[in-house]
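Observations on chain architecture
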Amino acid sequence: MPANPKLFEFIVDRVNVGLFVIDKNMNIVLWNNFMAINSGLSAEQVVGENLFKRFPELPQKWLERKIEGVYILKNFSFTSWEQRPFLFKFDHNRPITGGVDYMRQDTTFFPVKDEAGEVQFVCVTLLDVTDTSIYQSMLKEATRKLAEIRIRDGLTGIFNRRHLENTISKEFSRVKRYGSTLTFLLLDLDYFKKINDNYGHLAGDTVLRQSAKLISECIRDADTLGRYGGEEFGVILPETNLDGALVLAERLRKIVNQQKIQHDDLQLEVTVSIGVAEFAPDIDRYESLIDRADHALYQSKENGRNRVAAYSPETEKDN
């Protein structure tokens, strides 16, 4: 059956895909109905014109490389919306809550060859994948939030014990292998049980949240704060020696001590005891570093609370 040009024209204009063809001089030779509707320019207005003069907002250098590659290699080329969100700034009809500014497009470039196999034109198709991009972005965000929930403490919002131990394990391995310094702080709120007994668990929750907030505001982005136990917090300090850690620990102690925590009509005074331990070559496991900080914390408690103590072999003998 001989080819029917009108049938081809009908299909090209009815298909719900953007389709246009350009020659070697980047002049438009075909412009289908999808492109006309979304650009607001009919085929009569654009055919015969240079693509980049008519649409100066196009990424000319990138697009020229893609098209020239098809002429040279005589093969298809493809770009997904994740590589480049869109080629043309076409509006979309999705809700603005989707967070998408323009129609997301998958783009395909394929050669139109003559009988000798030489590329005479390049046909470009645009597939509207806005729905796909929105749903995929929503899925990624939901996955990110779930991952975040798994490593966060539900009450205070800081990292939980699992993440704290995973992080210190990685830092410990790094220091053990490459050298450097690492210290760990273990902080315990003094007489926390009395707060719960005297003022109720909601007051205790407020104290935990506010204390976590105070501590988090005093540490570096490179440091890691986590809730280690009921009223215990741990702070991982990479690239920090014992002297630097003690300075920070003392600052944290003073800040918590000076802060009056408001709960309803109550102003609660809170103090914290802190144990500090530094990585040493004789430590084989990260758990041992945590144990050393715990021994130092015990000394802080034994010596009257509301103080900082550094680990030493003597502190371990005293426990």
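These remarks concern the structure in this document. Just so we're clear, the structure is a prediction, and the values are computed from it rather than from any experiment.

What follows is about the overall build of the protein chain. When its secondary structure is counted, the protein chain shows 12 helices and 12 strands. Here the protein chain has a C-alpha radius of gyration of 32 Å; the compact-globule value for 319 residues is 20 Å, and the former is much larger. Along the first, second and third principal axes, the C-alpha atoms of the protein chain reach 100 × 50 × 35 Å. Within the protein chain, the fraction of its 319 residues that count as buried is 43%.

Next up on the list: the environment of V100. Here V100 is to be found in the loop between β3 (77–79) and β4 (105–113). Separated by 47 residues in sequence, V100 and K53 have C-alpha atoms that sit 27 Å apart. Apart from residues lying up to four places away in sequence, V100 is in contact with H92, T130, S133 and I134.

Moving on to the packing of aromatic side chains. Evaluation of the coordinates by the stated rule reveals 10 aromatic pairs. Between F55 and F88, the aromatic rings sit 5.2 Å apart at their centres with planes inclined by 85°, giving edge-to-face as the arrangement. Highlighted residues: F55 in the loop between α4 (51–54) and α5 (60–73) and F88 in the loop between β3 and β4, separated in sequence by 33 residues. Lying across the ring of Y228, R161 places its NZ or CZ 3.9 Å from the centre. A cation over a ring is seen here: R305 above Y191, with NZ or CZ 4.5 Å from the ring centre.

Taken together, 5 strands build an open sheet; the order of strands is β7-β8-β6-β11-β12 and the sheet is mixed. Sheet topology places β7 (224–227) and β12 (308–310) at the edges, where each strand pairs with a single neighbour. Across the sheet, the axes of successive neighbouring strands diverge by a mean angle of 20°, strand direction being ignored. With 7 bridges joining them, strand β6 (residues 182–189) and strand β8 (residues 232–238) adopt antiparallel strand pairing. Looking at the pairing, L185 lines up with V235 of β8. Against the sheet, helix α7 (residues 161–178) makes contact with β6, β7 and β8, and its axis sits at roughly 25° relative to β8, the strand it touches most. Where helix α9 (residues 201–216) meets the sheet, its contacts fall on β6, β7 and β8, and the angle it forms with β8 comes to roughly 10°.

Next up on the list: the packing of helix α8 (residues 192–199) against α9. Interaxial distance between α8 and α9 falls to 6 Å at its minimum, and their mutual angle equals 140°. Taken together, the axes of α8 and α9 are oblique relative to one another. Judged by residue contacts, F192, I195, N196 and Y199 of α8 engage H201, A203, G204, V207 and L208 from α9. In the contact of α8 with α9, the residues fall into 6 nonpolar, 3 polar and no charged.

As paired elements, strand β1 (residues 18–22) and strand β5 (residues 119–128) share 5 bridges and run antiparallel to each other. Paired with G18 across the two strands is L126, which belongs to β5.

Here the focus is the pattern of salt bridges. In the structure shown here, the tally under the stated rule is 20 salt bridges. As a salt-bridge pair, K176 and D284 come within 3.6 Å of each other at their nearest N and O atoms. In this pair, K176 sits in helix α7 while D284 sits in the loop between β11 (272–278) and α11 (286–302), placing the two residues 108 residues apart along the sequence.

A word on a nonpolar patch on the surface. A contiguous nonpolar surface patch, about 250 Å² in accessible area, is contributed by V29, L30, V112 and F121. Residue position: F121 is located in strand β5.

Attention now goes to the environment of L127. Examined against the element boundaries, L127 turns out to sit in strand β5. Residue L127 is classed as partly exposed on the basis of its relative accessible area, which comes to 41%. Each C-alpha atom, one on L127 and one on V17, is 5.3 Å from the other, the two residues being 110 residues apart in sequence. For L127, the residues in contact, after removing those within four places along its chain, are V17, R104, Q105 and D106.

Reading the values: rules and limits
- Throughout this document, residue positions are counted from 1 along each chain, in the order its sequence is written.
- Per-residue local features of the predicted model are confined to residues with pLDDT of at least 70, and side-chain atom pairs are confined, for both listing and counting, to 80 or more; whole-chain, interface and lining totals are unaffected and use all residues.
- Only heavy atoms go into the side-chain values, all of them from the structure, while hydrogens and water stay out.
- Under the scheme used here, helices are H or I runs from DSSP no shorter than 4 residues and strands are E runs no shorter than 2 residues, and both carry numbers assigned from the N terminus.
- Throughout, radius of gyration means the C-alpha value; the globule benchmark is 2.2 Å times the number of residues raised to the power 0.38.
- Burial here depends on accessible area, computed with a 1.4 Å probe over protein chains only, as a share of the maximum for the residue type. Under 20% is buried, over 50% is exposed, and the range in between is partly exposed.
- We call two residues contacting when some pair of their heavy atoms lies within 4.5 Å.
- Note on aromatic pairs: the rings of Phe, Tyr and Trp (six-membered ring only in Trp) are paired at centre separations within 6.5 Å, and the planes decide the class, stacked below 30 degrees, edge-to-face beyond 60, tilted for the rest.
- By definition here, charges over rings are those cases where NZ of Lys or CZ of Arg is within 6 Å of the ring centre and within 35 degrees of the ring normal.
- Any two strands are treated as partners once DSSP identifies two or more bridges connecting them.
- The axes used here are C-alpha line fits, helices contributing only the stretch in contact, and every angle between their N-to-C directions lies in the interval 0 to 180 degrees.
- By definition in this entry, angles of less than 35 degrees are roughly parallel, angles greater than 145 are roughly antiparallel, angles of 65 to 115 are roughly perpendicular, and the rest are oblique.
- Only Asp, Glu, Lys and Arg are considered charged in this grouping, and only Ala, Val, Leu, Ile, Met, Phe, Trp, Tyr, Cys and Pro are considered nonpolar; every other residue, Gly among them, is considered polar.
- Think of a salt bridge as a Lys or Arg side-chain nitrogen and an Asp or Glu carboxyl oxygen that are within 4 Å of each other.
- Exposure above 30% relative accessible area and no salt bridge define the residues that can form patches, which grow by joining like charges within 9 Å and nonpolar side chains of Val, Leu, Ile, Met, Phe, Trp and Tyr within 5 Å.
- Each accessible area value is a Shrake-Rupley result obtained with a 1.4 Å probe; residue values ignore everything except the protein chains displayed when judging cover.

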